[in-house]
Amino acid sequence: MNQVVFKTEGDWDSTTLTCNGRDWPAAQMLVQIEAGRDEYGSPARGGVRDGGQMSAVVRSQDNPDQEQAIFPGTLQMNFPGHEVVVENVHPNFDFEFTRVLYNQRDVTEQIVDLTVNIDAVNNEVQAVITLYRPHWLGADEVATITIL
């Protein structure tokens, strides 16, 4: 099981990635989750429970063409003002065992999308989460939050 921690204060000098307590010199970390969609592909209540797909890989500085899987395990990502934790400890990495926390709140059943692409080689940074927000009174909404 991997315990991966990504931390940044918003610039490359403050960015670190560790795996099981050891530095992991990475060229890129890419995490993508798609979940919480109805039969037409539109966002819907249910999150991971409705099925979906996820990929989470790191490309090392030593061999940037080779992907290394992050899961099974836990990935904790700390950004200025935001924390995202993705956990899947199932040995076969079955999607339905995925758990997502955003700022210490379980959003597993609200997650629609999560994209984190930290690419040092190409100087690209993207971190966005989309959550489904059902309302008892009024229309439900989808909120996209730019993390970084």
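None of the values given here were measured: they were computed from a predicted structure. (Residues numbered from 1 in each chain as written. Predicted model: local features only at pLDDT ≥ 70, side-chain atom pairs only at ≥ 80, totals over all residues. Heavy atoms only, no water.)

A.B. asks: Quick rundown of a nonpolar patch on the surface? Include the residues and the values.
C.D. replies: A contiguous nonpolar patch, built from Trp12, Val125 and Leu148 and spanning about 240 Å² of accessible area, is present on the exposed surface. Mapped onto the secondary structure, Val125 falls in strand β12 (residues 124-133). (Patch = residues over 30% accessible without salt bridge, like charges linked within 9 Å, V, L, I, M, F, W, Y side chains within 5 Å. Areas by Shrake-Rupley, 256 points an atom, 1.4 Å probe, with all protein chains shown as cover. Salt bridge = Lys/Arg side-chain N within 4 Å of Asp/Glu carboxyl O. Helix = DSSP H or I, 4+ residues; strand = E, 2+ residues; numbered from the N terminus.)

A.B. asks: So what's going on with the packing of aromatic side chains? Residues and values would help.
C.D. replies: The tally for this structure, following the rule as stated, stands at two aromatic pairs. When the ring of Phe6 is compared with that of Phe79, the centres are 5.5 Å apart and the planes differ by 50°; the resulting orientation is tilted. Of this pair, Phe6 sits in strand β1 (residues 2-7) while Phe79 sits in strand β7 (residues 73-79), and the two are 73 residues apart along the sequence. Here Phe6 falls in the buried class, since its relative accessible area comes to 3%. (Phe/Tyr/Trp six-rings, centres within 6.5 Å; stacked < 30°, edge-to-face > 60°. Buried < 20%, exposed > 50% of the residue type's maximum accessible area, 1.4 Å probe, protein only.)

A.B. asks: Describe the sheet that holds strand β4 (residues 26-35), listing the residues and the values that go with them.
C.D. replies: The strand order across the open sheet built from six strands is β6-β5-β4-β11-β12-β13, with neighbouring strands paired in antiparallel fashion. If you trace the sheet from one side to the other, it starts and ends with β6 (67-69) and β13 (141-146), each paired once. When the angles between neighbouring strand axes are averaged without regard to direction, this sheet yields 20°. In this sheet, strand β5 (residues 52-60) lies alongside β4 in antiparallel orientation, the contact comprising nine bridges. When the bridges of β5 are listed, Gln28 appears paired with Arg59. (Pairing = 2+ DSSP bridges. Axes fitted to C-alpha atoms, helices over the stretch in contact; angles between N-to-C directions.)

A.B. asks: Which residues make up the pairing of strand β9 (residues 99-102), and what values do they have?
C.D. replies: Judged from the four bridges that link them, strand β8 (residues 82-88) and β9 form a sheet pairing that is antiparallel. Bridging from a neighbouring strand, Val84 pairs with Tyr102 of β9. Between the end of β9 and the start of strand β10 (residues 105-106), which pair antiparallel, lie two residues, with Asn103 showing a positive phi angle near 50°.

A.B. asks: Tell me what's going on with the pattern of salt bridges, and back it up with residues and numbers.
C.D. replies: All chains considered together, the criterion is met by five salt bridges. Of the charged contacts in the structure, one is a salt bridge between Arg37 and Asp113, with a shortest N-O distance of 2.8 Å. Taken together, the residues Arg37 in the loop between β4 and β5 and Asp113 in strand β11 (residues 111-119) connect sequence positions 76 residues apart.

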